[in-house]
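# Coordinate inspection notes
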Amino acid sequence: MTLGIEVNKLQLRYGSFTALHDLTFKLDGGKIYGLLGRNGSGKTSLLSILASFRLQSAGSVSIGGEAPFENAKMMEQVCFIQESGHMNEGFSVRDALSLAASCWPNWDDAYAAKLVKLYDLPLKKRATTLSRGMKSALGVTIGLASRAPVTIFDESYLGMDAPSRYTFYEQLLNDYMEHPRTIILSTHLIEEVASLFEEVLIIDKGRLIVHEETESIRTKGRAVTGPAEAVDRFAQGKTVFGEQKLGRTKSVTVFGELDDAACERAISEGLELGPVSLQDLFVHMTKRKGDEQ
Amino acid sequence: MFDDRSPIYQQIADKIKEDIISGVLLEDEQVMSTNQYAAFYRINPATAAKGFQLLTDEGILYKKRGIGMFVSGEARQSLLAQRRDVFFEEVVDKMLAEADKIGVPVGDIIKRIESVKGRDEA
Amino acid sequence: MNRKRRHPAINVALKLLYTYRWTIGIYWLVFLCIYVAIGVILRSPTVGAEMDAQGIWEGASTSPKVFLLVIGILMTPLSLASFVSNGVTRRHFIWGVSGLLVVYSAISAIIMVIGYPIEQWIYDKYDWPLELSNPHLFKDASQFGLIFVEYFFLFIAFFGSGWLIGSCFYRFNWKLAVVLILLAILPAMAMETVISADWIGSILQKAYDIERASLAAVIPLALCIVALVFASVFLLLRKVPVKRKVLS
């Protein structure tokens with residue numbers, strides 16, 4: 001079962017601070033989406049609203065055509081896993097899994113057991129005394145085994161070491177292929193995960209600045225390097241992010257469609273066109289004044 | 001595995017083409033499914049599917065309903081022909097430009113080619 | 001893969017009961033040991049001489065009331081987040097805890113009810129006289145129904161007040177919550193006044209000359225207080241955001 005998500009003019013205010021400004025987007029569902037944003041960009045606020053952890057201040061959210069907040073049927077279709085989770089005090093790992101199993105309609109016990117083994121989770125240990133990496137592993141185990149039609153992971157693999165993270169990506173991908181659902185991954189480790197995303201959303205300062213297919217963003221970014229004057233000429237009228245100078249050579253990042261003719265012109269003027277990683281694009285797009293220092 | 005030079009689906013298509021040319025994948029042989037590809041390279045299956053679609057559109061792959069994707073019979077030939085078409089522009093001209101840049105006389109290049117040709121015919 | 005599952009509210013109640021199983025079990029065990037010990041000491045030759053016709057079970061209700069108050073305080077901060085983050089609505093959580101309140105208060109009241117005839121039996125065996133020394137809803141220790149009613153409402157009021165306090169701490173910042181304790185404890189105090197039992201009843205009647213209302217009035221009043229508690233918690237929690245930390 002795949003559920004689509006529609007968000008319309010969503011706003012979230014904490015007192016006088018506005019965390020989300022008029023967010024509007026539509027997700028068809030059944031895909032793996034990447035949500036990128038700097039710390040404090042409003043990523044977690046948005047995800048909290050989707051998961052009914054919070055009620056929005058204005059605007060509407062609809063998942064599978066229904067508003068999810070306090071909607072019993074919808075809330076049990078959206079599983080939101082944050083890094084350290086919300087463990088009951090005194091719950092053991094086994095208790096936490098048992099609680100999750102009793103709440104999620106699509107829970108798969110066998111799959112959960114497999115993940116527990118894979119991550120070597122200590123069933124009898126208190127969930128709150130686990131190491132950060134183990135807490136993350138427990139979180140993703142619950143998230144994956146819930147098989148919720150909308151599953152959201154908010155940097156829930158940050159505390160894990162690289163091998164555990166790669167296990168997660170592998171498990172996520174394989175289970176997604178076997179049981180297609182809507183998955184949203186919010187991350188800082190962009191380069192590691194970018195190849196998993198079908199679509200990418202970038203949030204900055206509470207606004208949605210990008211919503212595209214991953215492949216098309218990738219092709220839109222180019223690093224143009226060459227003699228400074230030629231670079232400036234070429235970059236005229238285009239969206240430019242960042243620039244670096246080394247002697248007479250200049251390098252800028254250009255964002256936008258570049259057809260073959262434009263590319264050939266660039267090369268003929270002695271310019272070099274290079275690729276820009278999604279991570280670099282993200283850094284450029286979300287730059288703030290204090291970053292240069 | 002994949003870099004940022006071109007879209008991943010393009011790189012997948014190029015990889016499969018390379019495998020066909022070099023004989024790793026034979027004509028009428030079944031290729032891995034998009035899901036297997038996705039799992040192997042740890043990429044989104046939609047991306048793998050896009051790459052396969054590209055190849056299907058170009059006639060390099062064809063689909064057998066219910067079974068999977070196969071390399072088409074003329075795939076190797078047509079790919080080799082494509083490569084031959086652009087060989088002079090993309091390989092030879094570029095070599096000559098490089099030679100020119102670093103100061104290798106064309107005469108030397110011709111001598112080299114002749115000696116290789118002589119060796120081959122011997 | 002859809003399996004048959006319990007209703008979410010029932011699941012909440014059962015999971016919470018399971019969470020507190022040791023706390024509850026050990027509490028009653030220790031409680032009974034202490035009261036047996038007190039009983040033994042009071043009846044020993046040195047102390048016993050001055051204790052005429054005094055039972056100890058009658059005064060035993062303070063401890064369970066406080067215990068229930070504390071458990072009530074812990075309810076929301078320690079478990080709301082873990083249920084809502086597993087897809088349970090706040091409404092179902094509130095229903096589940098309400099159900100737990102009713103059931104556990106009833107069980108505690110039944111324990112108190114059972115204590116009376118047991119005490120009577122022990123006293124009879126040793127030929128000690130036994131009388132109720134404070135006012136109650138019931139006149140003698142055999143009116144099980146009335147005993148149950150008295151304790152049930154008192155317990156649920158304390159449990160409920162605790163739940164209100166805990167919910168205030170979850171919803172508001174701790175400074176405001178501390179002030180709100182004054183309001184949140186009112187249901188418990190109101191119930192004590194309405195039921196007018198035990199030493200509070202004794203004070204009200206002797207010092208303030210306030211007579212308890214008739215039974216026909218007491219029960220509806222008690223039910224109103226209980227309804228007020230549940231309604232207040234519902235208003236507090238129905239849109240509360242799930243927080244990362246227990247106290248903000």
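Rules used in this analysis
- Residues numbered from 1 in each chain as written.
- Chains lettered and ligands numbered in written order.
- Predicted model: local features only at pLDDT ≥ 70, side-chain atom pairs only at ≥ 80, totals over all residues.
- Heavy atoms only, no water.
- Helix = DSSP H or I, 4+ residues; strand = E, 2+ residues; numbered from the N terminus.
- Buried < 20%, exposed > 50% of the residue type's maximum accessible area, 1.4 Å probe, protein only.
- Contact = heavy atoms within 4.5 Å.
- Areas by Shrake-Rupley, 256 points an atom, 1.4 Å probe, with all protein chains shown as cover.
- Lys, Arg positive; Asp, Glu negative; His and termini not counted.
- Charge placed at Lys NZ, Arg CZ, Asp CG, Glu CD.
- Rg over C-alpha atoms; globule rule 2.2 N^0.38 Å.
- Salt bridge = Lys/Arg side-chain N within 4 Å of Asp/Glu carboxyl O.
- Buried area = accessible area lost by both parts, 1.4 Å probe.
- Phe/Tyr/Trp six-rings, centres within 6.5 Å; stacked < 30°, edge-to-face > 60°.
- Polar contact = N/O pair within 3.5 Å; in protein donor to acceptor, adjacent residues only side chain to side chain.
- Pairing = 2+ DSSP bridges.
- Axes fitted to C-alpha atoms, helices over the stretch in contact; angles between N-to-C directions.
- UniProt positions renumbered as here; feature names shortened; annotations may be inferred.
- Domains from an automatic or database assignment.

### A few points about the overall build of chain A
- Along the backbone of chain A there are 11 helices and 13 strands.
- With the C-alpha coordinates of chain A rotated into their principal frame, the extents come out at 65 × 40 × 35 Å.
- For chain A, the residues scored as buried account for 58% of the 293 residues in total.
- Expressed as a percentage of contacts within chain A between residues at least 6 apart in sequence, the contacts between residues at least 24 apart total 70%.
- Of the accessible surface of chain A, which amounts to about 12,200 Å², a share of 48% is contributed by carbon and sulfur atoms.
- Chain A carries 33 positive and 38 negative side-chain charges, and their two centres are separated by 5 Å.

### Remarks on the overall build of chain B
- Counting its regular elements, chain B contains five helices and two strands.
- Start at the N end of chain B and walk to the C end: the helices and strands fall as α-α-α-β-β-α-α.
- For chain B, whose C-alpha radius of gyration is 19 Å, the value lies well above the compact-globule estimate of 14 Å for 122 residues.
- Each of the three principal axes of chain B carries a C-alpha extent, and together these read 55 × 35 × 20 Å.
- Looking at the 122 residues of chain B, the share that counts as buried comes to 30%.
- Within chain B, contacts between residues separated by at least 24 positions form 55% of all contacts whose residues are at least 6 apart in sequence.
- Carbon together with sulfur atoms contributes 53% to the accessible area of chain B, which is approximately 8,100 Å² in total.

### Thoughts on the arrangement of the chains
- The protein chains that touch form two pairs of chains, and the pair with the most contacts between them is chains A and C.
- Between chain B and chain C there is no contact; the minimum C-alpha to C-alpha separation amounts to 22 Å.

### Remarks on the pattern of salt bridges
Residues and elements named next belong to chain A.
- All chains considered together, the criterion is met by 19 salt bridges over all chains.
- Its salt-bridge partner being Glu198, residue Lys31 comes within 3.9 Å of it at the nearest N-O pair. Taken as a pair, Lys31 in the loop between strand S2 (17-27) and strand S3 (32-37) and Glu198 in the loop between helix H7 (190-193) and strand S8 (199-204) lie far apart in primary sequence, 167 residues in all.
- Residue Asp232 is joined to Lys250 by a salt bridge in which the shortest nitrogen-to-oxygen separation is 2.7 Å. Of this pair, Asp232 sits in helix H9 (residues 228-235) while Lys250 sits in strand S12 (residues 249-255), and the two are 18 residues apart along the sequence.
- Taken together, the salt bridges that share partners define one network made up of Asp108, Arg147, Asp175 and Arg181.

### A few points about the interface of chain C and chain A
- Chain C puts 29 residues into the contact, and the matching count from chain A is 30 residues.
- Regarding the contact of chain C and chain A, the summed buried area is about 2,800 Å², with carbon and sulfur atoms giving 48% of it.
- At the junction of chain C with chain A, the criterion picks out one salt bridge.
- One salt bridge in this structure joins Glu70 of chain A and Arg90 of chain C, with 2.9 Å as the shortest N-O distance.
- Mapped by element, the contributors of at least two residues to the side of chain C that touches chain A are helix H1 (8-19), helix H4 (62-84) and helix H5 (90-126) of chain C.
- Looking at the side of chain C that touches chain A element by element, the count peaks at six residues for H4 of chain C.

### A look at the packing of aromatic side chains
Residue and element names in this part refer to chain A.
- Under the counting rule described, the total for this entry stands at 26 aromatic pairs over all chains.
- Ring plane angle 70° and centroid distance 5.0 Å describe the contact between Phe153 and Phe168, whose orientation is recorded as edge-to-face. Pair noted here: Phe153 is in strand S6 (residues 150-154) and Phe168 is in helix H6 (residues 162-178), with a separation of 15 residues, a long-range link.
- Assessed through its relative accessible area of 0%, Phe153 is described here as buried.

### Quick word on the interface of chain B and chain A
- Between chain B and chain A, the contact holds 15 residues from the first and 18 residues from the second.
- Area buried by chain B at its contact with chain A is led by Asp4, Arg42 and Asn44 of chain B, which between them contribute 46% of it.
- Where chain B touches chain A, the interface holds one salt bridge.
- Glu213 of chain A is the salt-bridge partner of Lys50 of chain B, the closest N and O atoms lying 3.4 Å from each other.
- Taken together, chain B and chain A are joined by six residue pairs in polar contact (both at pLDDT 80 or more).
- Among the secondary structure elements, those contributing two or more residues to the side of chain B that touches chain A are helix H1 (8-21), helix H2 (34-41) and helix H3 (45-57) of chain B.

### What about helix H3 (residues 93-103) of chain A?
- With nine of 11 residues buried, H3 of chain A is to be regarded as a mostly interior element.
- Check the buried side of H3 of chain A and you find it contacts helix H4 (109-119) and helix H5 (132-145) of chain A together with H1 and H4 of chain C.

### Focus: the sheet that holds S12 of chain A
Residue and element names in this part refer to chain A.
- Ordered by their spatial adjacency, four strands build an open sheet running S11-S12-S10-S13, and the pairing between neighbours is antiparallel. Of all strands in the sheet, those bounded by a partner on one side alone are strand S11 (239-246) and strand S13 (272-275). Here the strands of the sheet are splayed against their neighbours by 25° on average, with no regard to which way each runs.
- Of the pairings in the sheet, the one linking strand S10 (residues 221-227) to S13 comprises four bridges and is antiparallel in character. What sits directly across from Val224, in S13, is Leu273.
- Of the strands in this sheet, S10, S11 and S12 touch helix H11 (residues 278-285), which is tilted by about 90° from S12.

### A closer look at the UniProt feature "domain: HTH gntR-type" (unreviewed entry) in chain B
- In this numbering, the UniProt entry assigns the feature "domain: HTH gntR-type" (unreviewed entry) to residues 6-74 of chain B.
- In residues 6-74 of chain B, the share of helix is 51% and the share of strand is 12%. The end C-alpha atoms are 26 Å apart.

### Remarks on the domain arrangement of chain A
All names here are of chain A.
- One can read the domain layout of chain A as domain 1 (5-205) and domain 2 (217-291).
- The C-alpha centroid of domain 2 is placed 35 Å from the C-alpha centroid of domain 1.
- If you look at the interface, domain 1 gives 13 residues, while domain 2 gives 11 residues.
- Regarding the contact of domain 1 and domain 2, the summed buried area is about 1,100 Å², with carbon and sulfur atoms giving 62% of it.

### So, the pairing of S3 of chain A
Residue and element names in this part refer to chain A.
- Of all six residues in S3, six are buried, a share of seventy percent or more.
- Here S3 shows no split at all, with Ile32, Gly34 and Leu36 on one side and Tyr33, Leu35 and Gly37 on the other all buried.
- Two elements, S3 and strand S7 (residues 182-186), share four bridges in a ladder whose sense is parallel. Note that in S7 the partner of Gly34 across the bridge is Leu185.
- Bridge count for S3 against S8 is five bridges, and the pairing is parallel. Along S8, the bridge assignment pairs Leu36 with Ile202.

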